[in-house]
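Geometric and topological summary
Below, each chain spelled out in residue letters.
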There are 4 protein chains.
Amino acid sequence: MTHSGRHFLQIPGPSNVPDSVLRAISYPTIDHRGPEFQELFSHVLAGMGDIFGTANQVVIYPATGTGAWEAALVNTLNAGDEVLFFETGHFSTLWTGLAEKWGLKPTVIPGDWRTGADPDKVREVLAADTDHRFKAICVVHNETSTGVTSRIPEIRRAIDESGHPALFMVDTISSLGSVDYRHDEWKVDVTVSGSQKGLMLPPGISFNAVSQKALDAHKHSTLPKSFWDWTEMLASGKNGQTPYTPNTNLLYGLKEALRMLNEEGMDNVFARHQRFAKATRAAVEAWGLEVLCTNEDEHSPVLTAVIMPEGHDADELRKIILDKFNMSLGAGLSNLKGTVFRIGHLGDLSDLTLAGTLAGVQMGLQLAGVPIKQGGLEAALDVLKDK
Amino acid sequence: MTHSGRHFLQIPGPSNVPDSVLRAISYPTIDHRGPEFQELFSHVLAGMGDIFGTANQVVIYPATGTGAWEAALVNTLNAGDEVLFFETGHFSTLWTGLAEKWGLKPTVIPGDWRTGADPDKVREVLAADTDHRFKAICVVHNETSTGVTSRIPEIRRAIDESGHPALFMVDTISSLGSVDYRHDEWKVDVTVSGSQKGLMLPPGISFNAVSQKALDAHKHSTLPKSFWDWTEMLASGKNGQTPYTPNTNLLYGLKEALRMLNEEGMDNVFARHQRFAKATRAAVEAWGLEVLCTNEDEHSPVLTAVIMPEGHDADELRKIILDKFNMSLGAGLSNLKGTVFRIGHLGDLSDLTLAGTLAGVQMGLQLAGVPIKQGGLEAALDVLKDK
Amino acid sequence: MTHSGRHFLQIPGPSNVPDSVLRAISYPTIDHRGPEFQELFSHVLAGMGDIFGTANQVVIYPATGTGAWEAALVNTLNAGDEVLFFETGHFSTLWTGLAEKWGLKPTVIPGDWRTGADPDKVREVLAADTDHRFKAICVVHNETSTGVTSRIPEIRRAIDESGHPALFMVDTISSLGSVDYRHDEWKVDVTVSGSQKGLMLPPGISFNAVSQKALDAHKHSTLPKSFWDWTEMLASGKNGQTPYTPNTNLLYGLKEALRMLNEEGMDNVFARHQRFAKATRAAVEAWGLEVLCTNEDEHSPVLTAVIMPEGHDADELRKIILDKFNMSLGAGLSNLKGTVFRIGHLGDLSDLTLAGTLAGVQMGLQLAGVPIKQGGLEAALDVLKDK
Amino acid sequence: MTHSGRHFLQIPGPSNVPDSVLRAISYPTIDHRGPEFQELFSHVLAGMGDIFGTANQVVIYPATGTGAWEAALVNTLNAGDEVLFFETGHFSTLWTGLAEKWGLKPTVIPGDWRTGADPDKVREVLAADTDHRFKAICVVHNETSTGVTSRIPEIRRAIDESGHPALFMVDTISSLGSVDYRHDEWKVDVTVSGSQKGLMLPPGISFNAVSQKALDAHKHSTLPKSFWDWTEMLASGKNGQTPYTPNTNLLYGLKEALRMLNEEGMDNVFARHQRFAKATRAAVEAWGLEVLCTNEDEHSPVLTAVIMPEGHDADELRKIILDKFNMSLGAGLSNLKGTVFRIGHLGDLSDLTLAGTLAGVQMGLQLAGVPIKQGGLEAALDVLKDK
């Protein structure tokens, strides 16, 4: 079936890429060993430092986010190292699995997939770890599978209070550029991120922001590495260079995306995401449906995961909405398959596109025979119109 | 103020241009005297014949629609000729004014800007014109200023019944590609059109579709002409050529737009426009507001003009909506300035973008303090979801 | 046959459009009645004033150059007016024909298609015209069919010396942005131009630059006009508006092209065109072929027309070059058909692309069996490398 | 300094990206978990199989070529494995270094950086390796630093004759799509490749083509891996899926590039590269300069490395050419720094752009004061014009 008009890409990433970013990535490729590239790369490295909130090092990989997860671990740890993970959802679980594949020993604090990593639990576990067996603590800032954020500053405080020396690693793949984040202020050691969410780019670039403490660990890390190795990356980066071929055209887009974010102002960007999340929750609640996230302090500004009422399949709903209204929504992942759908409200998004999105969800729910109450969309508009 | 996300261009033209058309017009310009251009131009000439519903001649001008109005008149008429116009709104009035500037003598059947050209009136006027003073009858198919269509087949029947020999000229600038239209079947002599509405292109191309009878009149027409002259246009066009420089890049876009329209199927395209118009009227009526068009048979599938309640200024509403929600709506023109706003629902448009559009109108009305009833947007969704 | 790599568009216009201009015209169309358009249009009007060298009025038409020719005449003259034309080639002849179609009475000073309009002849003819029958003098600045420029300042001086009141109209369609031009300083009354040559845009925009004297004549001009009418154009333009639909997307490109020209600096742009013309003539002469232009002071910086030796057909050569080397060259027009080919060296062009162009011509001449001497391309490189 | 016209990107990759590929990568990003992506990914997987000449498995990484080197090793080998490398130049040395970083034990057959891997040496070394210590033999098909190709079929034959079971791995990063290559026919076990050379894309995608024997080795390989792990890649790929986020927009470009290559026909593509290489060597030799490659059977169709005469610095030459003529050439790498420059003649390239390239080199050599003989460019044109 042919659809008129633009596709609504309302998954929690890749997010909608602005026209000017799309045009930017279509400029002719240049010599990445020439002066024009050096200027470009130095510019985006500096710009990403601002976005991460760090005066320390940033590494830009020509690879998608899973690679940056791997990079964080292999650059700092050693075979057999114990690592503390928190089961916040599908992505924290994937990261844990990646650590296992590399011969690390993850300890996972179990979770209910409806709340974030618990700072009190961090305090408790670290207090018990008097031998400092844990070399790293890994937390997903915004768990894309559940729409729950973890409270990084509070976790930092818990680590500090325990006096534990473990490295603190945070995955901000789906939060960076959408949710307030401060690598240096929160003393994060490795922040992992990617291009295709708050940064409004196509997928293909990923990042590590790296503290001095992480660099010190890097010196003694013996896990094998080459593509992900920080050493040459950081040495080359100082001169606006890369140790191997970068993906130049996406870097054009990154430059333009950074320009746009700065033009809007990061505080405005964060407030917009909060407002969109609030409007979305207002709709969900008015429909009489339940938001997956149960902790009022941990609602994601990036996406909202919605629980399907018993007897209804979220994937059938998504199929109806894709076929009839040409809109993609996020599926429930692993444990949540079929029981949850996810509405992305991040990146380059307007009030009216969000309104159209929620209209599509509402119509889809009706067409799927899901019993909902009147007034969901109107409740969202009540939030949106007050700005 | 910086806006996130895409602008909502919901004026009744220029309409939203599809991505693939925008990409098409950005291809490198070619030699318009070479074989590649010939193939392109022959292709779009043939394609436009299908869109007009004509096996006769089509002329493509590298100029916007006002030029095609002028072309229709100067190619067929002589100084002092009497021409019958119908005052359907702002654009019929502009066309009449253009005729006057050229020394033609328009007779205007007055109208209330809420209904189309009246076939009965045609019958009456032509019956009275026993000397056949009227050389041409000019009707605007879709009056963009009011959201009212005129019933061309019924007017044709009225002309036929009167046995009057006047040329029949129809402006389809804002209807072609959105509303069913049949140049040959309805025995129209000159159909005027443009690129930036149903054809989903940027403005810059305009058209005349020309009957044999119009060509016969052309032979005896003495109004001065060169740029608009059909003679060389048609002679060159036979060989895929143009007598002077064409605007090649927009023709790339026309080729792609024709491909898209054919892929969707014109019947589907027309039905979609009808459905969007119906949904929009459902919202307007549920809000307790009045649609300008008063004749149930003449509602435009392209746009809906809405009357502002007494004491409220439509332009203030439009300004609020532009500033807050980054959406352009059409203004009330001349007589209707401030008292009417127009919602475009044509071209490359999806259900969800229309829903977002109507959400923006609803929020704007509320913010502007216009008293509206609950349920407007919901009424529209009831229409949209039944497809 | 499939060709690898970019087409070489080395006709004397349309010229190669820079990537950034192509990307610019592919941005989404906006409401031409909104504030963003006003800003754009005011910007390009002011920028075009600089390019024309005028503090007076500029009119921008959403139509190709032939329309701007027509506009110059119909806005200032009256039926039966006598107009002095100079036969410099194909395009001066077309403009003359256009004047005739409009009921003007051209007097044509014959030419040999190898020299420009002769200032002495102007002096002579105007001296004889004691009744001031000539209402306008029309000259093509750069005759695209021959590669000959006319010396506008000297012609102006001749007019001044004769004390003749005729309007002075100059076609700069293929010179503006490539050859030094000064509308005010040279007291030109109407300068006609277009987008697809020195301005590095696709075709589709054309211009009139208008003196106060031309505006005075406009007030009394009775030729019928509407689309081309300056009155509303100038009134609207003051507010960044257009009286009817503009071709917005090409205006995006115009803004970008103006930015690029200003970045390079107009003096550098003019010098570059001179250098490329010199290099091209060096090649032609070293091949032992003859440049059409016979007056050393009148060589075009925009293109070089080359005479084919007896017994060889220029169009066959062009076909070989197009088929084998994927390069378009300009054909000989009307009188010159088959006996001349034209090499464009204008617009967005580099030394190396010109070198490739001349390499293609040289290989084509050899393949076509045209006897040429060794060393043509080398002679061009000798010019190009000294910069 | 501002340059008019397009940059000449004549490095040996990234190569010039065709306009239609650049436009393709600028289409809006889609949901990589939806049906449209599945269709796209299945399509490019199949297409890449054809390009590699394999009916076996292809893995597509969202990462640049260095990653695909790493992938080939970590998917098949075990810590401490001995691997046979051939020192053909800078890139073979980098790959060797990467193997060392991973704890493999490379044995390097030394080379003079002017010839390819020697099949006789392969025969000799493998005959001596009666214990089958070597688990893999790694050869760079086209050594981008020297412009020398290695004769893969002959090396295959040498391996076969020795009856040695080592895996055969070939880097085709700069040859695939430019030089004839047959993964299955030549019984290569892992072919490594990338997007930014013969495939005419920006950098950002890399590939492994994998034989059944390599898959068998993979099952027992214990080097740690996650991002590069074939297992999930191949499992997901069967359904047009990826185990983690792909870089979707570059895949749009890959689809278009494959379409273009197939349209031209791979045999024509290979012949074109041969012709361009021959023309380039003709120029170099006529200038009296020396091509780095000394083996007539091993000249690269992709690039030509040229030795600077004593007392002249290749990097100064490159700087002159970049500054004056806006052309990038490849530098001499490591051992060859300053003494060699490299001319890329691969990818989307025309005869005339190559002519312009060689004109730029010739002028640059003259400006740099390098003594060259007359007639270099002419010698190249003699090759180019015979097609």
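Residues numbered from 1 in each chain as written. Chains lettered and ligands numbered in written order. Predicted model: local features only at pLDDT ≥ 70, side-chain atom pairs only at ≥ 80, totals over all residues. Heavy atoms only, no water.

Attention now moves to the overall build of chain A. Along the backbone of chain A there are 13 helices and 14 strands. At 21 Å, chain A has a C-alpha radius of gyration in line with the 21 Å of a compact globule built from 387 residues. Projected onto its principal axes, the C-alpha positions of chain A cover 60 × 55 × 35 Å. Looking at chain A residue by residue over its 387 residues, the buried ones come to 68%. Considering only intrachain contacts with a sequence separation of at least 6, the fraction spanning at least 24 residues in chain A is 75%. When the accessible surface of chain A is totalled, it reaches about 12200 Å², and 49% of it is carbon and sulfur. Taken together, the 34 basic and 47 acidic charged side chains of chain A have centroids lying 2 Å from each other. (Helix = DSSP H or I, 4+ residues; strand = E, 2+ residues; numbered from the N terminus. Rg over C-alpha atoms; globule rule 2.2 N^0.38 Å. Buried < 20%, exposed > 50% of the residue type's maximum accessible area, 1.4 Å probe, protein only. Contact = heavy atoms within 4.5 Å. Areas by Shrake-Rupley, 256 points an atom, 1.4 Å probe, with all protein chains shown as cover. Lys, Arg positive; Asp, Glu negative; His and termini not counted. Charge placed at Lys NZ, Arg CZ, Asp CG, Glu CD.)

What follows deals with the layout of surface pockets. The computed volume of the second largest pocket comes to approximately 1200 Å³. Lining the second largest pocket are 48 residues; nearest its centre among them are B:His90, B:Phe91, B:Leu333, C:His32 and C:Arg33. Of all the secondary-structure elements, those providing two or more residues to the lining of the second largest pocket are helix H3 (65-74), helix H4 (90-101), helix H11 (314-325) and strand S13 (327-331) of chain B. Per-class residue counts for the lining of the second largest pocket are 17 nonpolar, 18 polar and 13 charged. (1 Å grid on protein atoms, 1.4 Å probe; cavity = no way out; pocket = protein on both sides within 12 Å on 5 of 7 lines; lining within 4 Å. Points joined across faces, edges and corners; volume = space filled by probe spheres on them. Nonpolar A, V, L, I, M, F, W, Y, C, P; charged D, E, K, R; others polar.)

Glancing now at the sheet that holds strand S1 (residues 8-10) of chain C. Residue and element names in this part refer to chain C. The strand order across the open sheet built from 5 strands is S1-S13-S14-S12-S11, with neighbouring strands paired in mixed fashion. Each having just a single partner strand, S1 and strand S11 (290-291) make up the two edges of the open sheet. One ladder, built from 2 bridges, connects S11 with strand S12 (residues 303-307); its direction is antiparallel. Looking at the pairing, Glu290 lines up with Ile307 of S12. (Pairing = 2+ DSSP bridges.)

The subject of this paragraph is the relation of the copies chain B and chain A. Between the two chain copies there is a screw-like relation: a rotation about an axis and a shift along it. Note on the copies: chain B fits chain A at an RMSD of 0.0 Å, the axial shift is 0.0 Å, and the rotation between them is 180 degrees. Expressed as an axis order, the relation between the two copies is that of a two-fold axis. Across chain B, the rotation axis passes nearest the C-alpha of B:Gly356, at a separation of 2.1 Å. Both copies contact each other with a shared surface, as 100% of the interface residues of chain B are interface residues in chain A too. (Least-squares fit on C-alpha atoms with pLDDT ≥ 70 in both.)

The next subject is the pattern of salt bridges. Inspection of every chain in the model, using the stated rule, returns 104 salt bridges over all chains. Here B:Arg114 ties to B:Glu290 by a salt bridge, and the two come within 2.7 Å at their closest N and O atoms. Within this pair, whereas B:Arg114 is found in the loop between strand S4 (105-109) and helix H5 (119-128), its partner B:Glu290 is found in strand S11 (residues 290-291), the two being separated by 176 residues in sequence. One salt bridge in this structure joins C:Lys219 and C:Asp216, with 3.5 Å as the shortest N-O distance. With C:Lys219 and C:Asp216 both in helix H7 (residues 212-220) and 3 residues apart, the pair spans about one turn of that helix. Residue C:Asp216 is classed as partly exposed on the basis of its relative accessible area, which comes to 34%. Counted as one network, the salt bridges with shared partners bring together A:Arg6, A:Asp19, A:Arg23, B:Arg6, B:Asp19 and B:Arg23. (Salt bridge = Lys/Arg side-chain N within 4 Å of Asp/Glu carboxyl O.)

Further remarks concern the UniProt feature "domain: Aminotransferase class V" (unreviewed entry) in chain A. The sites that UniProt annotates as "domain: Aminotransferase class V" (unreviewed entry) are residues 29-332 of chain A. Secondary structure over residues 29-332 of chain A splits into 42% helix and 17% strand, and the C-alpha atoms at its two ends are 38 Å apart. (UniProt positions renumbered as here; feature names shortened; annotations may be inferred.)

Here the focus is the side chain of C:Thr29. With respect to the element layout, C:Thr29 can be found in the loop between helix H1 (19-25) and helix H2 (35-52). For C:Thr29, a relative accessible area of 6% puts it in the buried group. Reaching out from C:Thr29, the side chain makes a polar contact with the side chain of C:Asn249 at a distance of 2.8 Å. If sequence neighbours within four positions are ignored, C:Thr29 has contacts with B:Leu9, B:Pro14, B:Val17, B:Pro202, B:Pro203, C:Thr248, C:Asn249 and C:Tyr252. (Polar contact = N/O pair within 3.5 Å; in protein donor to acceptor, adjacent residues only side chain to side chain.)

On to helix H2 (residues 35-52) of chain A, then. Residues and elements named next belong to chain A. For H2, built from 18 residues, the straight-helix expectation of 26 Å at 1.5 Å per residue is met to within 8% by its first-to-last C-alpha distance of 26 Å. Here H2 has its buried residues at Phe37, Leu40, Phe41, Val44, Leu45, Gly47, Met48, Gly49, Ile51 and Phe52. Tucked inside the fold, the buried residues of H2 contact strand S2 (57-61), strand S9 (190-194), strand S10 (206-210), helix H8 (230-237), helix H9 (248-264) and helix H10 (266-286). Where H2 terminates, the next one or two residues include Gly53, which has phi positive at roughly 70 degrees. (Expected span 1.5 Å × (residues − 1).)

You can overlay chain D on chain A at an RMSD of 0.0 Å; the transform is a turn of 180 degrees with a shift of 0.0 Å along its axis. Of all interface residues in chain D, 100% are interface residues in chain A too; the two copies therefore contact each other through one and the same surface.

As a further point, take the interface of chain B and chain A. Tallying the contact residues gives 37 residues for chain B and 37 residues for chain A. A buried area of about 3400 Å², summed over both sides, lies between chain B and chain A, and 57% of it is on carbon and sulfur atoms. By the criterion of area lost to chain A, the three top residues of chain B are B:Ser4, B:Leu352 and B:Lys385, representing 21% of everything that side buries. Here chain B and chain A share 2 salt bridges between them. The partner of B:Asp19 in a salt bridge is A:Arg6, and the shortest N-O contact between them spans 2.9 Å. Listed by contribution, the elements that provide at least two residues to the side of chain B that touches chain A are helix H1 (19-25), helix H9 (248-264), H11, helix H12 (351-367) and helix H13 (376-385) of chain B. Per-element accounting of the side of chain B that touches chain A gives the leading share, 11 residues, to H12(B). Residues that form the side of chain B that touches chain A fall into these classes: 13 nonpolar, 12 polar and 12 charged. (Buried area = accessible area lost by both parts, 1.4 Å probe.)

The next point concerns the domain arrangement of chain A. All names here are of chain A. According to the domain assignment, chain A consists of domain 1 (8-15 + 265-385) and domain 2 (19-262). On a C-alpha basis, the centres of domain 1 and domain 2 stand 27 Å from each other. Each partner contributes residues to the interface: domain 1 has 32 residues there, and domain 2 has 31 residues. Surface buried jointly by domain 1 and domain 2 totals about 2500 Å² across both partners, of which 56% is contributed by carbon and sulfur atoms. Among the residues domain 1 hides against domain 2, the three largest losses belong to Met266, Phe270 and Glu298. Together they make up 23% of the total. The interface formed by domain 1 and domain 2 contains 2 salt bridges. One salt bridge in this structure joins Glu298 and Arg151, with 2.8 Å as the shortest N-O distance. Inspection of the domain 1/domain 2 interface yields 17 residue pairs in polar contact (both at pLDDT 80 or more). Taken together, the elements giving at least two residues each to the side of domain 1 that touches domain 2 come down to H10, strand S11 (290-291) and strand S12 (303-307). In terms of residue count, H10 provides more of the side of domain 1 that touches domain 2 than any other element does, 4 residues in total. Looking at side-chain class alone, the side of domain 1 that touches domain 2 contains 16 nonpolar, 11 polar and 5 charged residues. (Domains from an automatic or database assignment.)

As a further point, take unusual backbone geometry. Residue and element names in this part refer to chain C. The omega angle of the peptide bond from Gly13 to Pro14 is -5 degrees, so this bond is cis rather than trans. Note on placement: Pro14 falls in the loop between S1 and H1. If you check the backbone angles, His132 has positive phi at about 55 degrees while not being a glycine. Take His132: it is sitting in the loop between helix H5 (119-128) and strand S5 (134-140). The class for His132 is partly exposed, based on a relative accessible area of 31%.

Moving on, we come to helix H5 (residues 119-128) of chain A. Residues and elements named next belong to chain A. Turning to H5, its buried residues number three or more, namely Pro119, Val122, Val125 and Leu126. Down the axis of H5, the buried set is contained in an arc of 125 degrees. They therefore lie on one face. In H5, the exposed residues that point more than 90 degrees away from the buried face are Ala127 and Ala128. Its side-chain oxygen 2.9 Å from the backbone nitrogen of Asp120, Asp118 forms the N-cap of H5. (Arc of directions from axis to C-beta.)

All names here are of chain A. Read from one edge to the other, the open sheet built from 7 strands follows the order S2-S10-S9-S8-S5-S3-S4, with strand pairing classed as mixed. In this open sheet, the two strands that pair with only one neighbour each are S2 and strand S4 (105-109). Adjacent strand axes in the sheet meet at a mean angle of 20 degrees, parallel and antiparallel pairs treated alike. Both strand S3 (residues 82-86) and strand S5 (residues 134-140) contribute to a ladder of 4 bridges, which runs parallel. When the bridges of S5 are listed, Phe85 appears paired with Cys138. (Axes fitted to C-alpha atoms, helices over the stretch in contact; angles between N-to-C directions.)

So, on to the nonpolar core. The biggest cluster of nonpolar side chains holds 74 residues, and the ones touching the most others in it are A:Phe341, A:Leu365, B:Phe341 and B:Leu365. Not counting residues within four places of it along the chain, the set of residues in contact with B:Leu365 comprises B:Trp287, B:Leu289, B:Met308, B:Leu317, B:Phe341, B:Val370 and B:Ile372. (Core = buried A, V, L, I, M, F, W, Y, C linked by side-chain atoms within 4.5 Å.)

All names here are of chain D. Direction vectors running N to C along helix H12 (residues 351-367) and helix H13 (residues 376-385) enclose 165 degrees, while the axes themselves pass 9 Å from each other. Comparing their axes, H13 and H12 come out roughly antiparallel. Where H12 crosses over H13, the two elements pack in a sense that is right-handed. Here Asp351, Leu354, Ala355, Leu358, Ala359 and Gln362 of H12 lie close against H13, whose contacting residues are Gly376, Leu377, Ala380, Leu381 and Leu384. Among the residues making up the contact of H12 with H13, the classes are represented as 8 nonpolar, 2 polar and 1 charged. (Parallel < 35°, antiparallel > 145°, perpendicular 65-115°, else oblique. Left-handed = near helix turned anticlockwise from the far one by under 90°.)

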